Amino acid sequence: MEEVAAQRGTATGGASRRGRAATATATAATPRRLGEVRATAVDRLATGIGELDRVLGGGVVPGSLVLLGGSPGIGKSTLTTMALANLAGAGRRVLYVSAEESAEQIRLRAERLGPDALRIPVVAETDLETVLATLEREAPEVCVVDSIQTLHSPSLSGAPGTVGQVREAAGELMRVAKARGSAVLLVGHVTKDGALAGPRVLEHLVDCVLQFEGERERTYRTLRAIKNRFGSTNDAAVFEMRGSGLVEVADASSRFVAEATGAPGSVVLAAMEGSRPLLVEVQALVSPSELEQPRRVVSGIDRNRLALVLAVLARHGRIALGSADVFVNVVGGVRVDEPGADLAVALAVAGAARGVRSREEERASALAARAPIACFGEIGLTGELRSVAHADRRLAEARRFGLAHVVAPLGSGASGDAATVRQALRFAGGAAAAPPRAA
Ligand code: TYD
Ligand code: MG
């Protein structure tokens, strides 16, 4: 008996000793059935930016910690300033802490955003302790900290933005914010490949992670939730940067379709932005290369997906582009990082590789006044077309904008149901020459 206990003791090692010691001092907690736990409904704070509120799951939850990530110049400061302006206008206590810009710089931005923005109280401060003390005293209902990477805690070694600093700053901010019931929006920078710089660790800490994406030089930006304790992560919003701030784009599909050319090398992708379908134009250009290593230039899609699509086109579509430069662009600066984009890339590249239309094709298409081809679908390594989520909603969106000819994976109910990439190419090519079928 003695021996068995001793053996068990060795097997579990120190853990069992610590466990016994703990039982002696701590009082046990009484578990409750979830049905007996009272969940009080909280009143969310509406930022007045409908699309932001929707992505948050219905507004800001009091006392919550939200991380807003995005590359420099994308509009994080603009979005948060606009949100605080609306909240201040609605009589809420707000605070804007900037560790990046001076109060004068923030004012210059605010001037473009309307009179309410000028009511926002600001603090330009990089010292964490000072920020925490301010937060404790002011106890705002909503506070923006711009950015988490530029705050500095003197009690810790390391430059601002290092993992230790960022974790400490976010942890302390959370402690004070929860104690005071303040909701805090942390602005965070992301690296070029889209990851939150340094602090992946923050994603565990915060209640909600929002990602602001797009390209600085382009007009359109998308905002999506990649983590949300108080809502779904299926929602995304499209914004346009204008001279007077960010404007919500309620019907982005109609704009992108209206601009789509339908020329060879252009197709419309029926994409999903979260739970909403979005039609975007994907364009490709193929031209003989002068370089030993031909160029592969992408914008709005993943470079590696292009490599895969080119390999499949070469192997299964007899379209070899080994000595050609290939450019692929999602128009408007939208990013579509979803597998459903594969087919659009393939059809755009194949169309561009076929090049300029022959005179007969030109005549045929003029006769048919052809609408652009829409498509979606993931491409597998064996050249098969794989189904993607929400086929019905993608099709409905295409139909809504008069795109009758949709090439999509088998079983999705599209006019061009294709099992393989080769079939899809045939459907798309056929559509270029032949008039579209009656709907
Ligand atoms: P900003 O919000 O400062 O970006 P971030 O905080 O993410 O770095 O703004 C980005 C850009 O948007 C900036 O270059 C200027 C431009 N902008 C407008 O076009 N219109 C506007 O009303 C504002 C405020 C900014
Ligand atoms: Mg900024």
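Not measured: the values here are computed from a predicted model.

### Description of the environment of Leu 246
Part 1 of the argument: Checked against the element boundaries, Leu 246 lands in strand β9 (residues 245-248).
Part 2 of the argument: Distance in space between the C-alpha atoms of Leu 246 and Thr 78 is 7.2 Å, their sequence separation being 168 residues.
Part 3 of the argument: Once residues within four sequence positions are removed from consideration, Leu 246 is found in contact with Gly 75, Thr 78, Leu 79, Met 82, Phe 212, Arg 221, Phe 239, Glu 240 and Met 241.

### So, the pattern of salt bridges
Pairing is possible between side chains of opposite charge, provided their charged atoms come close.
Part 1 of the argument: The tally for this structure, following the rule as stated, stands at 23 salt bridges.
Part 2 of the argument: Measuring nitrogen to oxygen at the nearest pair gives 2.6 Å for the salt bridge that ties Arg 386 to Glu 384.
Part 3 of the argument: You can call Arg 386 partly exposed: its relative accessible area is 41%.
Part 4 of the argument: Judged by its relative accessible area of 21%, Glu 384 is partly exposed.
Part 5 of the argument: The network of salt bridges with common partners includes Glu 51, Arg 54 and Arg 276.

### So, unusual backbone geometry
Part 1 of the argument: In this model, Asp 146 is joined to Ser 147 through a cis peptide bond whose omega is 0°.
Part 2 of the argument: Mapping Ser 147 onto the fold places it in the loop between β4 (142-146) and α7 (163-180).
Part 3 of the argument: The residue Arg 318 is not glycine, and still its phi comes out positive at about 50°.
Part 4 of the argument: For Arg 318, the position within the fold is in the loop between α10 (303-316) and β13 (324-330).
Part 5 of the argument: Judged by relative accessible area, which is 70%, Arg 318 ranks as exposed.
Part 6 of the argument: Here the phi dihedral of His 390 falls at roughly 60°; this positive angle occurs in a residue that is not glycine.
Part 7 of the argument: Along the chain, His 390 turns up in the loop between β16 (385-386) and α13 (391-400).
Part 8 of the argument: Given a relative accessible area of 36%, His 390 falls into the partly exposed group.

### Looking at the packing of α10 against helix α11 (residues 342-354)
Part 1 of the argument: One way to put it is that α10 packs onto α11 with a least axis distance of 10 Å and a crossing angle of 60°. The angle between α10 and α11 places the two elements in the oblique class. For the crossing formed where α10 meets α11, the hand is right-handed. Along the contact surface, α10 presents Arg 305, Leu 306, Val 309, Leu 310 and Leu 313, while α11 presents Asp 342, Val 345, Ala 346, Val 349 and Ala 350.
Part 2 of the argument: When its residues are assigned to classes, the contact of α10 with α11 shows 8 nonpolar, no polar and 2 charged.

### Concerning α7
Part 1 of the argument: Its 18 residues place the ends of α7 26 Å apart at the C-alpha level, agreeing with the 26 Å of an ideal helix rising 1.5 Å per residue.
Part 2 of the argument: Once α7 finishes, Gly 181 follows within two positions and takes phi at roughly 75°, a positive value.

### As for the nonpolar core
Part 1 of the argument: Core analysis: the biggest nonpolar cluster contains 64 residues, and Leu 269, Val 328, Val 336, Val 349 and Phe 376 have the highest contact counts within it.
Part 2 of the argument: Of all the elements, α11 adds the most residues to this core, at 9 residues.
Part 3 of the argument: Apart from residues lying up to four places away in sequence, Val 336 is in contact with Leu 269, Ala 271, Val 280, Gly 300, Ile 301, Val 330 and Ala 341.

### Brief notes about the site of ligand 1
Part 1 of the argument: If you check the shell around ligand 1, you find 15 residues, and the closest are Gly 73, Ser 77, Thr 78, Arg 242 and Gly 245.
Part 2 of the argument: Here an oxygen atom of ligand 1 and a side-chain polar atom of Ser 77 are 2.7 Å apart.
Part 3 of the argument: Thr 78 is positioned with one of its side-chain polar atoms (N or O) 2.5 Å from an oxygen atom of ligand 1.
Part 4 of the argument: The fraction of the free accessible surface of ligand 1 (550 Å²) that becomes covered by protein chains is 75%.
Part 5 of the argument: Within the residue set of the shell around ligand 1, elements represented by two or more residues are α4 (76-89), α5 (103-112) and β8 (236-242).
Part 6 of the argument: Looking at which element gives the most residues to the shell around ligand 1, the answer is α4, with 3 residues.
Part 7 of the argument: Its residues assigned to classes, the shell around ligand 1 comprises 3 nonpolar, 8 polar and 4 charged.

### Some thoughts on the pairing of strand β7 (residues 220-228)
Part 1 of the argument: Of all 9 residues making up β7, 7 are buried, and the element is well covered by its neighbours.
Part 2 of the argument: The pairing of strand β6 (residues 208-214) with β7 spans 7 bridges and is antiparallel. Paired with Val 209 across the bridge in β7 is Lys 227.
Part 3 of the argument: The hairpin turn running from β6 into β7, its antiparallel successor, is 5 residues long.
Part 4 of the argument: Judged from the 5 bridges that link them, β7 and β8 form a sheet pairing that is antiparallel.

### Digging into empty space enclosed by the protein
Empty pockets left among the atoms are what a rolling probe the size of a water molecule brings to light.
Part 1 of the argument: Evaluated as defined, the whole model comprises 2 cavities of 30 Å³ or more.
Part 2 of the argument: By volume, the largest cavity amounts to about 60 Å³.
Part 3 of the argument: In this structure, the largest cavity is lined by Leu 52, Val 66, Leu 68, Leu 79, Thr 80, Ala 83, Leu 185 and Leu 210.
Part 4 of the argument: Listed by contribution, the elements that provide at least two residues to the lining of the largest cavity are β1 (65-70) and α4.
Part 5 of the argument: By residue number, the principal contributor to the lining of the largest cavity is α4, which donates 3 residues.
Part 6 of the argument: When its residues are assigned to classes, the lining of the largest cavity shows 7 nonpolar, 1 polar and no charged.
Part 7 of the argument: Computed from the structure, the second largest cavity encloses a volume of approximately 50 Å³.
Part 8 of the argument: The wall of the second largest cavity is formed by Arg 44, Leu 56, Gly 59, Val 60, Val 61, Ser 64, Val 66, Asp 207, Cys 208, Asn 228 and Phe 230.
Part 9 of the argument: Residues that form the lining of the second largest cavity fall into these classes: 6 nonpolar, 3 polar and 2 charged.

Calculation notes
Residues numbered from 1 in each chain as written. Chains lettered and ligands numbered in written order. Predicted model: local features only at pLDDT ≥ 70, side-chain atom pairs only at ≥ 80, totals over all residues. Heavy atoms only, no water. Helix = DSSP H or I, 4+ residues; strand = E, 2+ residues; numbered from the N terminus. Contact = heavy atoms within 4.5 Å. Salt bridge = Lys/Arg side-chain N within 4 Å of Asp/Glu carboxyl O. Buried < 20%, exposed > 50% of the residue type's maximum accessible area, 1.4 Å probe, protein only. Axes fitted to C-alpha atoms, helices over the stretch in contact; angles between N-to-C directions. Parallel < 35°, antiparallel > 145°, perpendicular 65-115°, else oblique. Left-handed = near helix turned anticlockwise from the far one by under 90°. Nonpolar A, V, L, I, M, F, W, Y, C, P; charged D, E, K, R; others polar. Expected span 1.5 Å × (residues − 1). Core = buried A, V, L, I, M, F, W, Y, C linked by side-chain atoms within 4.5 Å. Near = heavy atom within 4 Å. Polar contact = N/O pair within 3.5 Å; in protein donor to acceptor, adjacent residues only side chain to side chain. Areas by Shrake-Rupley, 256 points an atom, 1.4 Å probe, with all protein chains shown as cover. Pairing = 2+ DSSP bridges. 1 Å grid on protein atoms, 1.4 Å probe; cavity = no way out; pocket = protein on both sides within 12 Å on 5 of 7 lines; lining within 4 Å. Points joined across faces, edges and corners; volume = space filled by probe spheres on them.

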